[in-house]
Each structure stands twice: as C-alpha cells, then as structure tokens.
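# Fold and geometry: a report
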Amino acid sequence: MPDYRLDTYVNKVTALEDCRFDMTLHNLSDGPLAGAVIGLTSITRMADDAQVHGADFRRRFANYHEFGMPDGLVVPPGGTWTFGFTGITGRQPAQRNDGPKSAVLIAGGVNHPVSVGDLVRLPVDQSQGPLRSVPVEMLEMPLFQIPWPAGVDIDAWREGMHVSLGDGGIEDRRALMAVADLHSRLHSDAAAPLTLGNDGIALHMRQATLGAEAFTLSFTGGGITLEYGDAAGRHYGLVSVAQMVHAALAEPDRFRIPSKGRITDAPRFGWRGSHLDVSRHFWSAAQVCRFIDTMAWAKMNRFQWHLTDDEGWRFEVDAFPELVEIGSRRGPDCRLPGQYAHAHRQYDGHYTKDQIRHVVGHAASLFIDTIPEIDIPGHCTAVLAALPHLVDPDEPADSYRSVQGYPNNALNPALPQTWDFLEKVLAEVAELFPAKWVHVGADEVADGSWLTSPRIQVLAQSEGLQGTAAIQSWFLRRVQKILRGHGKDLAGWDEVSHGAGVDTMGTLLVAWQRPELVPALTAQGYRVVASPGQAYYLDMTQADGWNEPGTNWAGTVTPEACYAYDPEGDLDEGSRGALAGVQACIWCEHIHTPEIFNHMVYPRLHAVAEAGWTPQSRRDWGRFATLSALMPKL
Ligand code: ACM
C-alpha cells in the first residue's frame, strides 16, 4: 500500500475562474513529511492565472502539475497537507474521473507512489448516479445474430447442436477452423459450435455468384448450406453459423437453430471499423489481438491503430531508435512527464516490428485490415522530445498550445529535417503495413501553430500560404506525394480538408467533430467514414451522472443513442456512394483498465458494427440490446 493518499474536492460552479480544487495529501508513512514535491495528472487543468493556495506551484505540462510543500510545513505521520488552486482551463469537471488520476510524491530524492481517489464534487448529491443500463428481453425469434442479417426468413427451429463439415475441401476446412478457433478464444468456457467430421448438423459450402462479402444460409432437415461470394463471404457466413449455434448451446431456453428457411446476408458498408488509442494507454499486443477478435465476432473489418500521440510513440522505427527509447516513456526522470493514470513511475510500452506483423497477420486472418495512424503534424510532443533536432530553434517556446495543453507540439514543415524524418518513417510504415491507407491524423493542429517561426514565415511568403490551415494543407499535400510513392492512399481526420485540403483522389477522411461533416466532406469530393463524437466516440459518458466514467465534450452517448445514429441520415441519395462506412473511436485518456474498457466499449462497439452491416430498415434497438449481452468483451 502506498504511504501517501491524495483526495481532491471541487466546488459546483459554472465559471471556470471560480472553480476551486482542494486537495488533501494524507501522510500514512511512519515519518514526518517536509520539503516534498507532488506531481499529479489532472485532465481538468489549472489555468495559467489560477490562484494557488497552500503550495508553491512549480510547473505544468499538459495534464501534469507539480506543487511543492510550503517552506516550514512539516506533516507528521497521520497528518495532512491541504493545498489547491482556483481557476481552471478547458471545461468544467463533469465526472468523477476529471480530477487527478495518478500522482508521485518526490521526497528526499525518492519517487513515492501515491494512492489517488476519485474527484469528489461538493455538495455530494443524488445526481451522482445511476450508471448506464441496457434493457433486456425483446426477442421476436430465438435467433442470435449480431449484426442482424439483411434478410431472415425462418419457418422452423431445432435445438442446439454443433455443426460439422464432413465433405469440404481444404480451403473450406481451414475457413471453418479459423472461425472455430476465434470462438474458442472468445468463449473458452463454451462448447464448440463448429467441428470437422460427420457427427453434428451437416454443413455444406459452395461458392456462388454473390458479392465478395455476401452469403446465404439455407436450412433444411438435411443440414445447412452456406453459399458465399468469396473468401470473406465464406468467413462471415461461418461466423453467423457459429454465433447462432453458440447461443443455442449456451442458452437453450432462449435460442434455437433454424431447421427450415433462409438467411440472405451482405454488409451495408465496406468500412466497418474501430480505432484504438494505444498512446495515452498502452494495450499489449495480446490485448490488441483480443480486441480484434471481438471486432471480428461482429464482422467488423477495419482496425485503425492509433500508434502515436503526444503521450507516447508506440512502435519501432529502425531509422530513429530514439522514438521508442525516449518517446515511448513518460514519468519521473523521463523526458516526457507522467500523464493520465501513470504518474508515479516510468510508464512505457511499444510494439516491436515482429509484434506489429503478428497483430496485422492476426487481423488479416479475420478479414480485418489494419490501418496505421501516424498522427502528424500535430500531436507530436513525444516525437519532438525524442528527436530534439526536429524542434525549430527559432520558434519562441510556448507560442501556441494544443487543446490538450501541449506547447508547440506540431512538426515544422519549414525544416528540411522534418522531411527527412517523414520520408524515413513513412517508408518503414508502408513496408510494415500492407493496407492501402496510411492514416496521418492531421487533427487538432492548434490555430496559430507555426506562425511565430521565422522559417515558416519565409515558406509562407514563397508559397503564398496564409495561416495555419493553409500551411497544414501544403504539408499534407507533400505527405500525400510521399505516400503515393509507396503505393498508399492518404487517410486522415476531417481537418485534412482545412485550408486547401488535399487531392481528393483516393483520400479517405474520418469525420469526427460533428455529424454534419459527413455531407459537408462528401460535397467536397472526399470519401468519408462517419465517426461523429456525438454517437461513435466510445470514451463519451453513457449517462449524465457524476459517477459514470468517461468524458463529455460531445455530450452523453447512451448505448441507445449510439445505436440510433444513422450514418446516411444527413446524406441525399446522390452522395451516399461517397460514404465508405462507419467507425468507432476508442480514446484512452480515461480507458486504462480492461474493466473500464469493457464498460465503455461494449455494447456500443457492436452498435457501430450493426450500423455498418445491417440495412437501416432492419435495425432494432430492443433486439440488439437483448442480444448484445451475449457478445464477448476484452
Ligand atoms: C480526434 O478526436 N482528435 C480525432
């Protein structure tokens, strides 16, 4: 148990300048405490002009705040040090997770761990709960399918029994085993729904003239016939069979297997994705594979791996080993200070190239493309800490700050070494990831970025660029050329369109800031993936209560609201072809344990999967909510 404990209280006010954080550090050690410094991470940040009380303010870097004990203060064992500040920047705290998440006490040259409590809002009242709930039991038929198929026409049912492939060729057998293994990884406590042999319900498979991802399942007394367009359709048909058999075996009172009738199925969209942030919180390769398995069980097919951000660079680059050696580490005595849940010790994590290949191969075996996200030009604090030669020496320090509070965190397009860096990194990325797209971020470059840099001023003059957005567009067009040289298309967040944007040919933009950006970007000629924060950001809170974890800049996103969003809702008939599909986003400032992950991600991930697969007219919240309880989690 740590020898120190930090509790934080906030008063309930609306004005940011009146918002007061009161902190109590309990000394539970055997010795007196004096002359110590506390470093704490709080997503609610102290304003630059805040009034600090009971402490000497030392520094703040994004969420990391450092306070010293006042001279002469001695806290005996069992005693407390109270301190805090009045005045915050950004948004009012709205959840118990909006205060310090972690802390380190630096005393006598030693870094001591500190136990950190939830933020407590005073006065405590009933509005703190309840947590989100999902209704159950709205089943019209005893069939388990998520996503729900396009066409279901069933006349008779039979009890659960495993399904066996006796007469298939080797490719069919391999395909079946891939899905059987997926099931056993996800449901290791359950009976196997699919086997090779002749001892279960007979399965027959054949290729037919259907779309590549399409399939039909015909049920008769003699067994099940799966007809599929291509290997992907065969895979999805097998997942459908595995799902219905799994449910019938696991919950025989509620679920059955069809014995007469037909399922006709094909996805609504080609892009059924999820993103995962591994920078704020590092998820191991094994956890990432498990997450991919849960996507595959819902027939999702795109994994956007958010590998870099201000808080950490997460994969090996041969040309720049410092990216991992320095840029993947944060905490006491590191070049990057601690952030979020990990202030008290060095926190690090990265994937080797072999691990990346393993994850990419694992996803590919489940018909999921892995799209790497290298977030540039903003969100580059970790890069600039690791490679100081990329910092513009003439740009005044702290001349702009990102929305997360990072000073001067964008790569400078006017430095030749920036281009040497990008050419080498993108060459390695292009080689490591076979997907057609490289996602280059381009989000949240702070207004005013670069403008005080003398080199940028020369570039802007010679290229006729006015303002940050125009410079970003110039930068991204050059990045697009590099990617094209490697046979890759550029993907990015919706801000890629800012300034003059980029060449729309082959470009794919993930629209995140507002639903209205979906029609706005298709009108500009971009191909678009719908991922509005207001519906598909799975780090948003799911109920209004203080106790519900998450953030709320895009509002409260109940599972039902997530399900209800129609990605085509704002598009006229003529623009629908430009909508590539849908994507969930999992940002991990608050999601830093498997328990929080499971609470936040499911069932909303599967709601996005169903929007991506099931025709709008076949979607049904009550059915989905009932069935989603059986879906596997991390
Ligand atoms: C984003 O949420 N910054 C894409």
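Owing to the predicted nature of the structure, the values given are computational and were not obtained by experimental measurement.

Reading guide: rules and limits
- Residues numbered from 1 in each chain as written.
- Predicted model: local features only at pLDDT ≥ 70, side-chain atom pairs only at ≥ 80, totals over all residues.
- Heavy atoms only, no water.
- Helix = DSSP H or I, 4+ residues; strand = E, 2+ residues; numbered from the N terminus.
- Rg over C-alpha atoms; globule rule 2.2 N^0.38 Å.
- Buried < 20%, exposed > 50% of the residue type's maximum accessible area, 1.4 Å probe, protein only.
- Contact = heavy atoms within 4.5 Å.
- Pairing = 2+ DSSP bridges.
- Axes fitted to C-alpha atoms, helices over the stretch in contact; angles between N-to-C directions.
- Core = buried A, V, L, I, M, F, W, Y, C linked by side-chain atoms within 4.5 Å.
- Phe/Tyr/Trp six-rings, centres within 6.5 Å; stacked < 30°, edge-to-face > 60°.
- Lys NZ or Arg CZ within 6 Å of the ring centre and 35° of its normal.
- Salt bridge = Lys/Arg side-chain N within 4 Å of Asp/Glu carboxyl O.

## A look at the overall build of the chain
- Each helix and strand counted, the chain has 15 helices and 28 strands in total.
- The C-alpha atoms of the chain give 26 Å as radius of gyration, which agrees with the globular expectation for 634 residues (26 Å, within 12%).
- For the chain, the C-alpha atoms occupy an extent of roughly 85 × 65 × 45 Å along the three principal directions.
- Residues classed as buried in the chain amount to 59% of the 634 residues present.
- Excluding contacts between residues fewer than 6 apart, the proportion of contacts in the chain whose partners are at least 24 apart in sequence is 72%.

## Topic: the sheet that holds strand S16 (residues 257-265)
- Taken in spatial order, the seven strands line up as S10-S16-S14-S15-S13-S11-S12 in an open sheet, and their pairing is mixed. Strands with a single pairing partner mark the edges of an open sheet, and in this sheet they are strand S10 (151-158) and strand S12 (194-196). For this sheet, the mean angle separating the axes of adjacent strands, direction not counted, is 25 degrees.
- The strands that helix H2 (residues 231-250) touches are strand S11 (163-165), S12, strand S13 (201-207), strand S14 (215-220), strand S15 (223-228) and S16; relative to S14, the one it contacts most, it runs at about 45 degrees.

## So, the nonpolar core
- Counting 162 residues, the largest nonpolar core has Leu276, Phe291, Trp305, Leu323, Phe421 and Val479 as its most contacted members.
- Considering every element that reaches this core, the biggest residue donor is H2, with 10 residues.
- When residues no more than four places from it in sequence are discounted, the contact partners of Phe291 are Ser274, Leu276, Phe303, Ile586, Phe597, Val601, Tyr602, Leu605 and Leu634.
- Among the nonpolar cores identified, the runner-up in size contains 28 residues, and Leu6, Leu40, Phe85 and Val114 belong to it.

## Concerning the packing of aromatic side chains
- All told, the structure shown has 31 aromatic pairs when counted by the stated rule.
- Both rings, one in Phe21 and one in Phe85, keep their centres 5.2 Å apart while their planes meet at 10 degrees; by these two values the pair is stacked. Here Phe21, found in strand S2 (residues 20-27), pairs with Phe85, found in strand S7 (residues 80-89); they are 64 residues apart in sequence, far enough to count as distant. As far as the burial class goes, Phe21 and Phe85 line up, both buried.
- Between the aromatic rings of Trp271 and Trp437, the centroid separation amounts to 5.0 Å while the plane-to-plane angle is 70 degrees, which identifies the pairing as edge-to-face. In this pair, Trp271 is assigned in strand S17 (residues 271-277) and Trp437 in strand S24 (residues 437-441), connecting sequence segments 166 residues apart.
- On the accessibility criterion, Trp437 (10% relative accessible area) is buried.
- An aromatic cluster of at least three residues, connected via ring pairs, comprises Phe282, Trp283, Phe291, Phe303, Trp305, Tyr351, Phe433, Phe597 and Tyr602.
- The cationic tip of Arg478 hangs over the ring face of Trp419; the distance from NZ or CZ to the ring centre is 4.1 Å.

## Quick look at the pattern of salt bridges
- Throughout the structure, instances matching the rule amount to 31 salt bridges.
- In this structure, Asp7 and Arg5 form a salt bridge, with 2.9 Å as the shortest nitrogen-oxygen distance.
- Asp7 gets classed as buried once you look at its relative accessible area, which sits at 15%.
- Judged by its relative accessible area of 26%, Arg5 falls in the partly exposed class.
- For Arg280, the salt bridge identified is with Glu311, shortest N-O distance 2.7 Å. On the criterion of sequence distance, the pair formed by Arg280 in the loop between S17 and helix H3 (285-297) and Glu311 in the loop between strand S19 (308-309) and strand S20 (312-313) is long-range, its members being 31 residues apart.
- On the basis of relative accessibility, which here comes to 2%, the residue Arg280 falls in the buried class.
- With a relative accessible area of 1%, Glu311 lands in the buried category.
- Connected via shared salt-bridge partners are Asp277, Arg280, Asp309, Glu311 and Glu589.

Remember that the coordinates give geometry; whether it matters functionally is a separate question.
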